[in-house]
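# Summary of structural features
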Amino acid sequence: MRGIKVGSAFGIPLRLNWTFLLVLPLFAYLIGQQVGEIVDVMNETAGLGIDAAVLAAGPAPWLLGLAAAVGLFVGVLLHEFGHSLVAMRYGYEIESITLWLLGGLASFSEFPEDWKHEFWIAIAGPLVSVAVGVACYGVVFALPAGTEASVGVNAALFVFGYLALLNVVLAVFNMLPAFPMDGGRVLRALLARNQPHAQATQRAASVGKVFAFLMGIIGLLTFQLLLIVLAFFVYVAASGEAQQTTLKAAFEDVAVADVMTARENLHTVTDDASVADLMSRMFEERHTGYPVLDGGELVGMVTLEDARSVPEVERDAYRVDDVMATDLVAAAPDADALTALQSMQEHGVGRLPVVDADGELVGLISRSDLMTAFNIIQTGGTPQVIGGRQRVDDEPGIL
């Protein structure tokens, strides 16, 4: 998740997403608006003796709301550091910690597949939140009773008492088995003790989707917009990670060379062909992209979108080298097939030229190649079968 870098700690970049800049003042406003009700609850449940009348005067509610909101996100940040520092202890790299609409997010360069690692990384965050809550209550316990103290003491009782409650609630809520929340990751770790990681992920994701549905229903019934947004996030994230884990398991030990269309079966175009001729070939051959060669050397890639950028009446006057992409992202034949798919997703392309160590074009790999390979692997195929397969429609190189 992108955001503005605001610093770093323990070698981990700290970022603020733009949604955080919206939700922080919103939380401050909501807390400030309910200071009286919150004080009543804390006095009844914890006997803090806070003087609500003192805290209701002038700008005090809004300052308290801001202090509590900032304190809440500090707690969230510490929660994410709990995950991150344990992960770093196990040797995993943390790309960043980002504060955003729904709290905090620690971005891992690689998710752990060892169930013990995932268990302790996942549970570390809630444990830190409980510790923060206990520490805040310790501050409350050390302060005198609010009705007998100054405005400052009453304010401190309110803020630290509120944060003590919220951090414990945060820990409990995060331990719901709604994958990919912390509780869902703990569930996957426990499931992965005696079954394949991909299967454990699928089961944890299914449970997570059920909880997402329930959270969405509760959010609709109680008009809690943030809960609805969280439910949507949990559902999408669970589906996405389950799919990614399934793909990773399927493409384990599968190289680009096993999946690609080899050069001898590849349709190419020359850089001096007209865009009109290119469009005719695309229609006849049912291709939407071609490697572009100049004297046998790869010089670019051209797609249907590139050709469409030229008005129809001018396509005879334009050549392929006028519209082709020359800043190419290529794959090596011995690279992981999943890495090639991730590269396509990152760069927003549907195909990659496959280039050997000498810079020679040896093939092309496309999303459809990868999806066909995935379907074959899922039905018991092997990389050897995939690498030597003939396409169903006997039309090599279809993109």
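Residues numbered from 1 in each chain as written. Predicted model: local features only at pLDDT ≥ 70, side-chain atom pairs only at ≥ 80, totals over all residues. Heavy atoms only, no water.

### Observations regarding a nonpolar patch on the surface
Cut-off, in case you're wondering: Patch membership requires over 30% relative accessible area and the absence of a salt bridge. Like charges are linked within 9 Å, and nonpolar side chains (Val, Leu, Ile, Met, Phe, Trp, Tyr) within 5 Å. Each accessible area is a Shrake-Rupley result for a 1.4 Å probe, and residues are judged covered by the shown protein chains and nothing else. Every case where a carboxyl oxygen of Asp or Glu lies within 4 Å of a side-chain nitrogen of Lys or Arg is listed as a salt bridge. Numbering of helices and strands runs from the N terminus; a helix is a DSSP stretch of H or I covering at least four residues, while a strand is a stretch of E covering at least two.
Among the surface-exposed residues, Val210, Phe213, Leu214, Ile217, Leu220 and Leu221 lie close enough to one another that they form a single nonpolar patch of about 620 Å² accessible area. In this structure, phenylalanine 213 sits in helix H8 (residues 197-222).

### A few points about helix H11 (residues 275-285)
Applicable threshold: We call a residue buried when its accessible area falls under 20% of the maximum for its residue type, exposed when it is over 50%, and partly exposed in between, using a 1.4 Å probe and counting protein chains only. In this description, contact between two residues means that some pair of their heavy atoms is separated by no more than 4.5 Å.
Buried residues of H11: Val275, Ala276, Leu278, Met282 and Glu285, and no others. Its buried side turned inward, H11 meets strand S6 (269-270), strand S7 (289-294), strand S8 (297-303), helix H12 (304-308) and helix H13 (320-323). One or two positions beyond H11, positive phi appears at arginine 286, with a value near 60°.

### Some points on the sheet that holds strand S9 (residues 351-355)
Which entries qualify depends on this criterion: A pair of strands is considered paired only if DSSP assigns at least 2 bridges between the two. All axes are obtained by fitting lines to C-alpha atoms, using only the stretch in contact for helices, and the reported angles, taken between N-to-C directions, cover 0 to 180 degrees.
On the basis of which strands lie adjacent, the open sheet formed by 3 strands has the order S5-S10-S9 and antiparallel pairing. In the strand order of this sheet, the two ends are held by strand S5 (261-262) and S9, each with one partner. Relative to strand S10 (residues 361-366), S9 runs antiparallel, the two being bridged by 5 bridges. In the sheet register, leucine 352 faces S10, and the bridge partner there is isoleucine 365. On the sheet, helix H14 (residues 337-347) packs against S9 and S10 and is oriented at approximately 130° with respect to S9. Helix H15 (residues 367-378) contacts S5 and S10 of the sheet and is inclined by roughly 70° relative to S10.

### Here we look at the packing of aromatic side chains
This is how the line gets drawn: Pairs were defined over the aromatic rings of Phe, Tyr and Trp, the Trp ring being its six-membered one, requiring ring centres within 6.5 Å. Orientation was assigned from the angle between planes: stacked under 30 degrees, edge-to-face over 60, tilted for the rest. Sitting over a ring, as applied to charges here, requires NZ of Lys or CZ of Arg to be within 6 Å of the ring centre and within 35 degrees of the ring normal.
Using the criterion set out here, one finds 9 aromatic pairs in the structure. A ring pair is formed by phenylalanine 20 and phenylalanine 73, whose centres lie 4.7 Å apart and whose planes are at 90°; its orientation type is edge-to-face. Taken together, the positions of phenylalanine 20 in helix H1 (residues 18-33) and phenylalanine 73 in helix H4 (residues 60-89) put the pair 53 residues apart, joining distant regions of the chain. Owing to a relative accessible area of 7%, phenylalanine 20 belongs among the buried residues under this scheme. Classification of phenylalanine 73 as buried rests on a relative accessible area of 5%. Between phenylalanine 251 and phenylalanine 374, the ring centres sit 6.4 Å apart and the planes meet at 45°, which makes this aromatic pair tilted. Here phenylalanine 251, found in the loop between helix H9 (225-250) and helix H10 (256-259), pairs with phenylalanine 374, found in helix H15; they are 123 residues apart in sequence, far enough to count as distant. Both residues of the pair, phenylalanine 251 and phenylalanine 374, count as buried. Within the aromatic cluster, the residues linked to one another by ring pairs are Phe20, Phe27 and Phe73. Its end group placed over the ring of tyrosine 90, arginine 89 keeps NZ or CZ at 5.7 Å from the ring centre.

### Topic: the confidence of the model for the protein
Stated formally: You can read pLDDT as the predictor saying how much it trusts each residue, on a scale of 0 to 100.
Taken over all residues, the pLDDT of the protein has a mean of 88, while the share at 70 or more is 93%. pLDDT under 50 marks residues 388-399. Its contacts with residues more than four places away, or in other chains, come to 29 contacts.

### Points about the side chain of serine 274
The condition that has to hold: A 3.5 Å cut-off defines polar contacts: any pair of N or O atoms within that distance qualifies, except that in protein one atom must be a possible hydrogen donor and the other a possible acceptor, and neighbouring residues in sequence count only when both atoms are side-chain atoms.
Summarising the element assignment, serine 274 is placed in the loop between S6 and H11. Engagement of the side chain of serine 274 in a polar contact is seen with the backbone nitrogen of aspartate 277, the distance being 3.0 Å. With near-sequence residues (within four places) excluded, serine 274 lies in contact with Arg315, Asp316, Tyr318, Arg319 and Val320.

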